[in-house]
Amino acid sequence: MQKMHSKQRQWMPVLFLAPAVIMFAVYVILPIVQSIMLSFYEWDGLGEKTFIGLDNYIELFGDEQFWTSLKNNVYWMVFYMLAPPLGLAIALFLNQKVMGIRLVKSMFFFPFVISQVVIGLVFSWFYDPTYGLFNIVWSSMGFEPVAILSDENWVTFGIIAAGLWPQIAYCMILYLTGLNNLSPDQIEAARLDGAHGWKMLWHIILPQLRPATFIAIVVTVIGALRSFDLVATMTGGGPFGSSNVLAYFMYEQSIFNYRAGYGAAIATVLFLIMDIYIAYFLWRMLKSEKA
């Protein structure tokens, strides 16, 4: 009887996890495998598929628009890395018990709950060279108005700035959660030892915020690499493809140009970049914890 109960206990976790594993396999793993397989075919999304081997990848690496999109994704990744430290700074500022702090918190939460499409529209109006607030302030300082979303040199950075607004709010939420779970014993002990200010932050608070930092960086990198909504809303990849990113380039080729196989090849490259970066970051984190 005891053996029977012990066997049941061993199988209970499997039974509880099985539905989630099946759902994950069907809706995540299977589409990834299908997408990778599709990248070796030429297909317009309607007719018969034609196997072409590595031709999509050979064409892709010779496509100037692919390299422009990849370069823009690198810009997104570099500037998006400002989100975790800025989110932490705002979280430290908001983690105080003063009158009216809840109202201030709600104002900082606001960007996180707004749709990306709405953010794109708001920033499109903000950058408008005729009546946009940015150019009103810019002109008041004695400079000529700048059409940021029409300038090939500035358009990508203008969209990144729009994306950073909600991303900083998301990182702030993660760090506020982490700050609420700090060990009061460690903080009190550090204070008794004379640790204050920067020393307290660096040696006591930040080590306890490692889980929040890990999630913030991983989510930020993924958000930078799969950036799509703001590009689609604000510029549609223009002007002349200068603001294109890999996710929008994939959508453009698959939907507008009826090249599902070529779009799948772009998606596969983007997936591999994400995997390599996250695997490297996980390795670094585990290595630092062991040390």
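Thresholds applied
Residues numbered from 1 in each chain as written. Predicted model: local features only at pLDDT ≥ 70, side-chain atom pairs only at ≥ 80, totals over all residues. Heavy atoms only, no water. Helix = DSSP H or I, 4+ residues; strand = E, 2+ residues; numbered from the N terminus. Rg over C-alpha atoms; globule rule 2.2 N^0.38 Å. Buried < 20%, exposed > 50% of the residue type's maximum accessible area, 1.4 Å probe, protein only. Lys, Arg positive; Asp, Glu negative; His and termini not counted. Charge placed at Lys NZ, Arg CZ, Asp CG, Glu CD. Polar contact = N/O pair within 3.5 Å; in protein donor to acceptor, adjacent residues only side chain to side chain. Contact = heavy atoms within 4.5 Å. Phe/Tyr/Trp six-rings, centres within 6.5 Å; stacked < 30°, edge-to-face > 60°. Axes fitted to C-alpha atoms, helices over the stretch in contact; angles between N-to-C directions. Parallel < 35°, antiparallel > 145°, perpendicular 65-115°, else oblique.

Asker: Requested: an account of the overall build of the protein, with residues and values cited.
Answerer: A tally of regular secondary structure across the protein gives 14 helices and two strands. The C-alpha radius of gyration of the protein comes to 24 Å, more than 25% above the 19 Å expected for a compact globule of 291 residues. Overall, the C-alpha framework of the protein stretches about 80 × 70 × 35 Å when taken along its three principal axes. Relative to its 291 residues, the protein shows a buried fraction of 37%. Each charge class in the protein can be summarised by its mean position, and for the 16 positive and 18 negative side chains these summaries are 22 Å apart.

Asker: Which residues make up the side chain of Asn 244, and what values do they have?
Answerer: Mapped onto the secondary structure, Asn 244 falls in the loop between helix H12 (229-234) and helix H13 (246-256). A polar side-chain atom of Asn 244 sits 3.5 Å from the main-chain amide nitrogen of Phe 249. Those residues in contact with Asn 244 that lie beyond four places of it in its chain are Gln 65, Thr 68, Ser 69, Asn 72, Gly 237, Phe 249 and Glu 252.

Asker: Quick one: what's the story with the side chain of Ser 69, residue by residue and with numbers?
Answerer: For Ser 69, the location among the structural elements is in helix H3 (residues 64-80). Under the relative-accessibility criterion, Ser 69 is labelled buried at 0%. Residues contacting Ser 69, with those up to four places away along its chain left out, are Asn 244, Val 245, Leu 246 and Phe 249.

Asker: Which residues make up the packing of aromatic side chains, and what values do they have?
Answerer: Each pair of aromatic rings is reported with the distance of its centres and the angle of its planes. Within the structure shown, the criterion is met by 23 aromatic pairs. Considering the side-chain rings of Phe 66 and Trp 67, the 5.1 Å spacing of their centres and the 70 degrees angle between planes classify their relative orientation as edge-to-face. You can call Trp 67 partly exposed: its relative accessible area is 44%. Aromatic side chains Tyr 280 and Trp 283 sit 6.1 Å apart centroid to centroid with 35 degrees between the ring planes, which places their arrangement in the tilted category. Taken together, the residues span about one helical turn, with Tyr 280 and Trp 283 both in helix H14 (residues 260-290) at a distance of three residues. In this structure Tyr 280 comes out as partly exposed when scored by relative accessible area, which is 44%.

Asker: Go over the packing of helix H9 (residues 184-192) against helix H10 (residues 197-208), please, and point to the residues and values.
Answerer: Running from N to C, H9 and H10 point in directions that differ by 170 degrees, and their axes come no closer than 11 Å. Taken together, the axes of H9 and H10 are roughly antiparallel relative to one another. Residues Gln 186, Ile 187, Ala 190 and Arg 191 of H9 form the contact with H10, whose participating residues are Met 200, Ile 204 and Gln 208.

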